[in-house]
Protein chains: 2
Amino acid sequence: MRSPPLPYHSPRNGDATPPHHHHHHHRQYQSTVSVQKLRRFNWLILVLRLAAFCFSLASSIFSATNSRGPSAPHWYDFEALRYLFAANAMVALYSLLETAASVWEILKNATLFPETFQLWFDFSHDQVFAYILMSAESAGTALARTLKGSATCAASSAFCIQSDIAIALGFAGFLFLAFSSLLSGFRVVCFLISGSRFPH
Amino acid sequence: MRSPPLPYHSPRNGDATPPHHHHHHHRQYQSTVSVQKLRRFNWLILVLRLAAFCFSLASSIFSATNSRGPSAPHWYDFEALRYLFAANAMVALYSLLETAASVWEILKNATLFPETFQLWFDFSHDQVFAYILMSAESAGTALARTLKGSATCAASSAFCIQSDIAIALGFAGFLFLAFSSLLSGFRVVCFLISGSRFPH
């Protein structure tokens, strides 16, 4: 992760320029490096957002379609499965918005909202949603393991299998969200320290 | 959180020193500010570590003593309560070690282990343990809510109440751990960007 510090007097073409131009040249060089890094960083965030969106959407679809006829168990009869669906649907919606914001940032080279707001918004929501998603998946897992030995799974094993799939997809979504929360945290601290989304 | 940027030529006593001393003086001034900030930061971390330790220890004690006679339910018969105990005990042990490391850092003004290792160790473990603790508390909550209507709680309501207390204490521990993971994340990014645990 850690890039080597740029030497103050880096030998470049035009090293013979007068001393009072050095600083300017150096800045230009640095900002070019920053822009490249920022671009790669933004692409990584976009990919993570998109992955989190896909997995949490798939999980919420698997959750919400988990009903097997009028006599069989329904997902909305179980508190933990309702929580699982709500958390995944929320994260899917949030990730979609963040994907859009990320695409905007790549295209326009600026954040969708004012930078300070956008960075803090991203970071805080990533953190909170990552914990909520982890919580929902764990609650779902605890329920699924309790159901395993019960009459519900004996009567309709497809119901339990579909719950398991929804939980597994949600965990995958969590991983991507947790990783993007690390990156957005990095951006916030960069901004706090150096006043920019990316270190110079 | 954001401190105003220090002016490069800050007017101080000895402003009449020759130009080649400016940079040195500036650094000294900055490092004094940093040391004060670092001290306050370290005290905050110490308090958070201690609080996380107390709550997770209390939670694991409440979990582990939740057995009511030979015929009544035992905590170790329930997977989620075993997970709850294990996660809280782990976090209590980890927080104790981190508290010791934090005290060391305040007394000696240096990290216990080499700085890079210490910062990454703290941050990664904070992150992982915070997610694990959230997961364990949620699994415990899901079980507790399933038990609520069952014969277990009807037979021994004290068992269910004690589980609830253990879970609530664990959630409090989680909050402190999650907050210290934010601070240790801040320290890591500071270190990555400026090569120091705290911004100059």
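Residues numbered from 1 in each chain as written. Chains lettered and ligands numbered in written order. Predicted model: local features only at pLDDT ≥ 70, side-chain atom pairs only at ≥ 80, totals over all residues. Heavy atoms only, no water.

### Regarding the overall build of chain A
Looking only at helices and strands, chain A has five helices and zero strands in total. A buried classification covers 46% of the 200 residues belonging to chain A. Long-range pairs, those at least 24 residues apart, make up 75% of the contacts in chain A with a sequence separation of at least 6. A total of about 10200 Å² of accessible surface is found on chain A, and carbon and sulfur atoms cover 70% of it. (Helix = DSSP H or I, 4+ residues; strand = E, 2+ residues; numbered from the N terminus. Buried < 20%, exposed > 50% of the residue type's maximum accessible area, 1.4 Å probe, protein only. Contact = heavy atoms within 4.5 Å. Areas by Shrake-Rupley, 256 points an atom, 1.4 Å probe, with all protein chains shown as cover.)

### Some points on the state of the cysteines
All names here are of chain A. This structure, assessed with the given rule, holds two disulfides over all chains. Linked covalently through their sulfurs, C153 and C160 form a disulfide whose S-S length is 1.7 Å. Looking along the S-S bond of the C153-C160 disulfide, the torsion reads about -95 degrees, which is the left-handed sense. (Disulfide = S-S within 2.5 Å.)

### A few points about a nonpolar patch on the surface
Residues and elements named next belong to chain A. Residues W104, L112, F113 and F117 make up a contiguous nonpolar surface patch of roughly 390 Å² in combined accessible area. Mapped onto the fold, L112 is located in the loop between α2 (79–108) and α3 (115–148). Owing to a relative accessible area of 37%, L112 belongs among the partly exposed residues under this scheme. (Patch = residues over 30% accessible without salt bridge, like charges linked within 9 Å, V, L, I, M, F, W, Y side chains within 5 Å. Salt bridge = Lys/Arg side-chain N within 4 Å of Asp/Glu carboxyl O.)

### Overview of the relation of the copies chain A and chain B
For the pair chain A and chain B, the best superposition has an RMSD of 0.0 Å and corresponds to a rotation of 180 degrees with a translation of 0.0 Å parallel to the axis. Such a turn and shift between the copies fits a two-fold axis. No C-alpha of chain A approaches the rotation axis more nearly than that of A139 of chain A, which lies at 2.2 Å. Mapped onto chain B, 100% of the interface residues of chain A again fall at the interface, so both copies present the same surface. (Least-squares fit on C-alpha atoms with pLDDT ≥ 70 in both.)

### Concerning the interface of chain A and chain B
Across the boundary between the two partners, chain A contributes 27 residues, which contact 27 residues of chain B. Summed over both partners, the interface of chain A with chain B buries about 2400 Å², with 72% contributed by carbon and sulfur atoms. If you look at where chain A meets chain B, you find two salt bridges. Our count for the contact surface shared by chain A and chain B stands at four residue pairs in polar contact (both at pLDDT 80 or more). Contributing elements (two or more residues each) for the side of chain A that touches chain B: α3 and α5 (157–194) of chain A. Broken down by element, the residue count for the side of chain A that touches chain B peaks at twelve residues, all from α3 of chain A. Split into classes, the residues belonging to the side of chain A that touches chain B amount to 18 nonpolar, six polar and three charged. (Buried area = accessible area lost by both parts, 1.4 Å probe. Polar contact = N/O pair within 3.5 Å; in protein donor to acceptor, adjacent residues only side chain to side chain. Nonpolar A, V, L, I, M, F, W, Y, C, P; charged D, E, K, R; others polar.)

### Description of the confidence of the model for chain A
Residues and elements named next belong to chain A. Per-chain confidence: chain A averages 84 in pLDDT, with 82% of residues scoring 70 or above. Contacts of residues 1–25 to residues separated by more than four positions or lying in other chains number 19 contacts, the stretch itself having pLDDT below 50. At the level of chain-chain contacts, confidence expressed as ipTM amounts to 0.82, with global pTM at 0.82. (pLDDT = per-residue confidence, 0-100.)

### As for the side chain of S60 of chain A
All names here are of chain A. Within the fold, S60 resides in helix α1 (residues 19–64). The buried category is assigned to S60, whose relative accessible area is 5%. Excluding anything up to four places from it in sequence, S60 contacts F85, N88 and A89.

### What to know about the UniProt feature "transmembrane region" (unreviewed entry) in chain A
All names here are of chain A. Under the present numbering, the feature "transmembrane region" (unreviewed entry) in UniProt falls on residues 41–63, 83–107 and 167–193. A helix fraction of 100% and a strand fraction of 0% characterise residues 83–107, whose end C-alpha atoms lie 36 Å from each other. What you have in residues 167–193 is 100% helix and 0% strand, and the ends, taken at the C-alpha atoms, are 39 Å apart. (UniProt positions renumbered as here; feature names shortened; annotations may be inferred.)

### Notes on the UniProt feature "domain: Casparian strip membrane protein" (unreviewed entry) in chain A
UniProt records the feature "domain: Casparian strip membrane protein" (unreviewed entry) at residues 40–176 of chain A, using the numbering of this structure. Within the segment residues 40–176 of chain A, helix and strand shares are 83% and 0% respectively, and the terminal C-alpha atoms sit 17 Å apart.

### Overview of α2 of chain A
In this model α2 of chain A runs 43 Å from its N-terminal to its C-terminal C-alpha over 30 residues, within 8% of the 44 Å that 1.5 Å per residue would give. Backbone geometry just after α2 of chain A places N109 of chain A at a positive phi near 60 degrees. (Expected span 1.5 Å × (residues − 1).)

### Some points on the layout of surface pockets
Computed from the structure, the second largest pocket encloses a volume of approximately 220 Å³. Contributing to the lining of the second largest pocket are 14 residues, with E79 and A80 of chain A together with T141, A142 and R145 of chain B lying nearest its centre. Broken down by secondary-structure element, the contributors of at least two residues to the lining of the second largest pocket are α2 and α3 of chain A together with α3 (115–148) of chain B. In terms of residue count, the dominant contributor to the lining of the second largest pocket is α3 of chain B (five residues). The class makeup of the residues in the lining of the second largest pocket is seven nonpolar, four polar and three charged. (1 Å grid on protein atoms, 1.4 Å probe; cavity = no way out; pocket = protein on both sides within 12 Å on 5 of 7 lines; lining within 4 Å. Points joined across faces, edges and corners; volume = space filled by probe spheres on them.)

### As for the pattern of salt bridges
Where charged atoms from two side chains of opposite charge come close, those side chains can pair. Scanning the entire structure with this criterion turns up twelve salt bridges over all chains. Residue D126 of chain A pairs with R49 of chain A through a salt bridge whose shortest N-O separation is 2.8 Å. Here R49 of chain A lies in helix α1 and D126 of chain A lies in helix α3, a separation of 77 residues in the sequence. The same class applies to D126 of chain A as to R49 of chain A, namely buried. Between R145 of chain B and E79 of chain A there is a salt bridge, with its nearest N and O atoms 2.6 Å apart. Taken as a pair, R145 of chain B in helix α3 and E79 of chain A in helix α2 lie in two separate chains rather than in one. Accessibility expressed as a relative area gives 37% for E79 of chain A, which makes it partly exposed. In this structure, a network of salt bridges that share partners links the residues R49, E98 and D126 of chain A.

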